[in-house]
Amino acid sequence: MKKITLLVLSVLFSLFAYAQDTFPVRGLAIAAPEKENVDRFVKFINEELAPRNINTLILRVDYNFKYKTHPELAQENGLSQADVDKMVAACQKHNIAIIPQVNLLGHQSWHSTLGKLLEVYPEFDETPGIQLPENYEWPNEDDLYCKSYCPLHPGVHKVVFEVMDEIVAAFKADAFHAGMDEVFYIGHEDCPRCQGRDKAELFAGELTKIRNHLALKNRRLWIWGDRLIDGKTTGIGLWEASYNNTYRAIDMIPKDVMICDWHYERPDPTAVYFAMKGLDVATSPWRNTPVALQQKQMMLDLRANATPEMKEHFTGIMQTVWSGAGGFLDRFYTESEEDSDAKCFKALFGKK
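Cut-offs and rules
- Residues numbered from 1 in each chain as written.
- Predicted model: local features only at pLDDT ≥ 70, side-chain atom pairs only at ≥ 80, totals over all residues.
- Heavy atoms only, no water.
- Helix = DSSP H or I, 4+ residues; strand = E, 2+ residues; numbered from the N terminus.
- Rg over C-alpha atoms; globule rule 2.2 N^0.38 Å.
- Buried < 20%, exposed > 50% of the residue type's maximum accessible area, 1.4 Å probe, protein only.
- Areas by Shrake-Rupley, 256 points an atom, 1.4 Å probe, with all protein chains shown as cover.
- pLDDT = per-residue confidence, 0-100.
- Contact = heavy atoms within 4.5 Å.
- UniProt positions renumbered as here; feature names shortened; annotations may be inferred.
- Phe/Tyr/Trp six-rings, centres within 6.5 Å; stacked < 30°, edge-to-face > 60°.
- Axes fitted to C-alpha atoms, helices over the stretch in contact; angles between N-to-C directions.
- Parallel < 35°, antiparallel > 145°, perpendicular 65-115°, else oblique.
- Left-handed = near helix turned anticlockwise from the far one by under 90°.
- Nonpolar A, V, L, I, M, F, W, Y, C, P; charged D, E, K, R; others polar.
- Salt bridge = Lys/Arg side-chain N within 4 Å of Asp/Glu carboxyl O.
- Expected span 1.5 Å × (residues − 1).

> So what's going on with the overall build of the chain? Which residues, and what values?
The helix and strand inventory of the chain stands at 12 helices and 10 strands. Rg of the C-alpha trace for the chain: 21 Å, near the compact-globule value of 20 Å for 352 residues, within the 12% margin. The C-alpha extent of the chain, read off along each of the three principal axes, is 80 × 45 × 40 Å. In the chain, which comprises 352 residues, the share counted as buried stands at 53%. Carbon and sulfur atoms make up 54% of the accessible area of the chain, which amounts to about 16200 Å² in all.

Written out as structure tokens, the structure reads:
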């Protein structure tokens, strides 16, 4: 009888632990696969994501797609609609929501290379007078990390909204991720439209404009949350939070924006801050497995101990991957003790 009781208790404990781990969002954010890796990625969806109950997949597409509205922005070997359809079909089969991402506002360059938008439309550049160096280093005299487009340029939204609408339709998605992280150039003194304006108001205005456009077709906006955190007061710093006062935008934006709250070296408890502002939030680790597991436990504790009004805002985990999909798959299928995003993913979401 004692053995049976212990067995029952063990099963109940396992079921309880599983229930506690069933977040509304169990997600992976990764670059859309290169054309040659599409079939391999579809296999990964079917054989690895689905058995682990992953229910949300953010794909950073940017210009890795054969856009019809703006073919001048499409990468030469970008994904076709047929490639996209393969991934969509796999995700639909397993009830995984795909959320395509195109970086808006910030991240319009990388090191010494312009992104496609500013390459084709240089007039959208917030800081045209700042040239990309041949050999990029940080820190630098121009405070250049990544370029931004000017949110007040009269022509920019026609282009980016057509791109956004097309990619959301291509993926049959009901949400879109706009990035909007690490925006260092905003309201720049050299921009004739933005100079002297409140940076928080500029950021909130751009976010709201994107959100409102998506809402016309009942689509939801997702973003990274770093620009909405005060980096100086919290001590979190200028990368995972803001030093240029955009953080005040948190009180100026719609409450239905979904926040991916990324922290990679410490389990900073900023999910509470977003939830207390009435925003839904998912904690977003990367490749530091011990930190990621602390973030997961923190989210479990918050959901277990929050009021009903707050609990609904703590949605779960969105792990990030900052390499190409092919490189991640290589790491995923290679048994290695070295800490990596692939090892972190397995630790967070278990073995299939």
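From this point, things continue past the structure.
> Give a detailed account of the confidence of the model for the chain, specifying residues and quantitative values.
The predicted model of the chain averages 94 in pLDDT, with 94% of residues at 70 or higher. Within the model, pLDDT remains below 50 along residues 1-20, and this stretch shows three contacts once partners closer than five positions in the same chain are excluded.

> Before we move on, could you go through the UniProt feature "domain: Glycoside hydrolase family 20 catalytic" (unreviewed entry) in the chain and cite the residues and values that matter?
In the numbering used here, UniProt assigns the feature "domain: Glycoside hydrolase family 20 catalytic" (unreviewed entry) to residues 77-323. A helix fraction of 33% and a strand fraction of 15% characterise residues 77-323, whose end C-alpha atoms lie 18 Å from each other.

> Outline the packing of aromatic side chains, supporting the account with residue identities and numerical values.
Across all of its chains, the model carries 22 aromatic pairs by this definition. Between Trp262 and Tyr264, the aromatic rings sit 4.9 Å apart at their centres with planes inclined by 40 degrees, giving tilted as the arrangement. In this structure Tyr264 comes out as buried when scored by relative accessible area, which is 10%. Both rings, one in Phe345 and one in Phe349, keep their centres 5.1 Å apart while their planes meet at 55 degrees; by these two values the pair is tilted.

> Explain the packing of helix H9 (residues 289-305) against helix H12 (residues 341-349) to me, and be specific about the residues and the numbers.
Put simply, H9 and H12 touch, their axes get as near as 9 Å, and they point 30 degrees apart. With respect to H12, the axis of H9 lies roughly parallel. For H9 against H12, the interelement crossing comes out right-handed. Along its contact with H9, which presents Thr289, Ala292, Leu293 and Lys296, the element H12 presents Lys343, Cys344, Ala347 and Leu348. Partitioning the contact of H9 with H12 into residue classes produces five nonpolar, one polar and two charged.

> How would you summarise the pattern of salt bridges if you had to cite specific residues and measurements?
For side chains bearing opposite charge, pairing can occur when the charged atoms are close. Applying the stated rule across the entire model yields 16 salt bridges. Between Arg211 and Asp256 there is a salt bridge, with its nearest N and O atoms 2.7 Å apart. A residue pair is termed long-range when its members are at least 10 positions apart, and Arg211 in helix H6 (residues 199-215) and Asp256 in the loop between helix H7 (231-234) and strand E8 (258-262) qualify at 45 residues. Since its relative accessible area comes to 21%, Arg211 is described here as partly exposed.

> Let's hear about unusual backbone geometry: which residues, and what values?
It is generally the case that most residues other than glycine have a negative phi and that most peptide bonds are trans. Omega for the peptide link from Trp138 to Pro139 comes to 5 degrees, which places this bond in the cis form. Positionally, Pro139 belongs in the loop between helix H4 (116-120) and helix H5 (156-170). Here the phi dihedral of Asn53 falls at roughly 60 degrees; this positive angle occurs in a residue that is not glycine. By the secondary structure assignment, Asn53 is in the loop between helix H2 (38-49) and strand E2 (56-60). With a phi close to 55 degrees, Asn95 is a non-glycine residue in the positive phi region. Within the fold, Asn95 resides in the loop between helix H3 (81-93) and strand E3 (97-104).

> An account of the environment of Asn245 is needed here, citing residue identities and associated values.
Mapped onto the elements of the fold, Asn245 is located in the loop between H7 and E8. Since its relative accessible area comes to 38%, Asn245 is described here as partly exposed. Sequence-wise, Asn245 and Gly316 are 71 residues apart; in three dimensions their C-alpha atoms are separated by 28 Å.

> Residue-level account of H9, with values.
The end-to-end C-alpha distance of H9, which contains 17 residues, comes to 24 Å, matching closely the 24 Å that a straight helix rising 1.5 Å per residue would cover. Inspection of H9 places Thr289, Val291, Ala292, Gln295, Lys296, Met298, Met299, Leu300, Leu302 and Arg303 among the buried residues, and these make up the whole buried set.

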